[in-house]
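# Geometric and topological summary
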Amino acid sequence: AQSVTQLGSHVSVSEGALVLLRCNYSSSVPPYLFWYVQYPNQGLQLLLKYTSAATLVKGINGFEAEFKKSETSFHLTKPSAHMSDAAEYFCAVSDSGGYQKVTFGIGTKLQVIP
Amino acid sequence: EPEVTQTPSHQVTQMGQEVILRCVPISNHLYFYWYRQILGQKVEFLVSFYNNEISEKSEIFDDQFSVERPDGSNFTLKIRSTKLEDSAMYFCASGSDVSYEQYFGPGTRLTVT
């Protein structure tokens, strides 16, 4: 069974500061990993995905994540937070090699302080 | 840019009533999914659908739930007899055979009273 653990249900950063949202995964097979963002009252938007190519993945809005197999981690980072980054972020995992279900983490709400 | 659409955006129903949530996936996609998110909780997988049949379903997807692709464009989720605990945001998603990602719709908020 696959799972993801997101450390910190709420994270606050100052505008311009580094954003680091942590995600660790558990999977018995090589995983595909995703980060989704959900703005208030909106659906889920894909930020970036890892599908066994480059371990450093760049996504939209200046976000990136690094797949570290030895640490079973897929942390999301952004060098400089913007007010518009305030949202809920979900790490997710699926089996590779097919169109499997996606298993989501509990989510991390990011607050950006001016 | 193509997107997944869902209707209605908000549905209020009484306990015991049947509801049908509708989704229009992206037109060339072949894989379809329903997920739900109970308020304050994580997004949970309900069911996946491919080639006109269910390919996987979760424990949540019991006999009260069904899915259908009645024509070439719509994908529906039916709940036969709603319970209070069915109140949630329901997301439809679709995927192609080109990229390993699922595109999510904006969701339907179901409130069972």
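Since the model is a prediction, treat every value here as computed from it, not as a measurement.

## Focus: the state of the cysteines
Residues and elements named next belong to chain A. Inspection of every chain in the model, using the stated rule, returns two disulfides over all chains. With its sulfur 1.9 Å from that of its partner, Cys23 forms a disulfide with Cys91. Taking the sign of the S-S torsion, about -65 degrees here, the bridge from Cys23 to Cys91 comes out left-handed. Here Cys91 lies in strand 9 (residues 87-95) and Cys23 lies in strand 3 (residues 19-26), a separation of 68 residues in the sequence.

## Observations regarding the sheet that holds strand 6 (residues 56-58) of chain A
Residue and element names in this part refer to chain A. If you trace the five strands from one edge of the open sheet to the other, you get 1-3-8-7-6, paired in antiparallel fashion. A strand with exactly one partner marks an edge of an open sheet, and here the two such strands are strand 1 (3-7) and strand 6. Strand-to-strand, the axes of this sheet are offset by a mean angle of 20 degrees, without reference to chain direction. Taken together, the four bridges between strand 3 and strand 8 (residues 73-78) define a ladder with antiparallel strand orientation. If you follow Leu20 over to strand 8, its bridge partner there is Thr77.

## Observations regarding the pairing of strand 11 (residues 108-113) of chain A
Residue and element names in this part refer to chain A. Going residue by residue along strand 11, you find Thr108, Leu110 and Val112 tucked away on one face and Lys109, Gln111 and Ile113 left uncovered on the opposite face. Where strand 9 and strand 11 come together, three bridges link them in antiparallel fashion. Along strand 11, the bridge assignment pairs Tyr89 with Thr108.

Thresholds, definitions, all that
- Residues numbered from 1 in each chain as written.
- Chains lettered and ligands numbered in written order.
- Predicted model: local features only at pLDDT ≥ 70, side-chain atom pairs only at ≥ 80, totals over all residues.
- Heavy atoms only, no water.
- Disulfide = S-S within 2.5 Å.
- Helix = DSSP H or I, 4+ residues; strand = E, 2+ residues; numbered from the N terminus.
- Pairing = 2+ DSSP bridges.
- Axes fitted to C-alpha atoms, helices over the stretch in contact; angles between N-to-C directions.
- Buried < 20%, exposed > 50% of the residue type's maximum accessible area, 1.4 Å probe, protein only.

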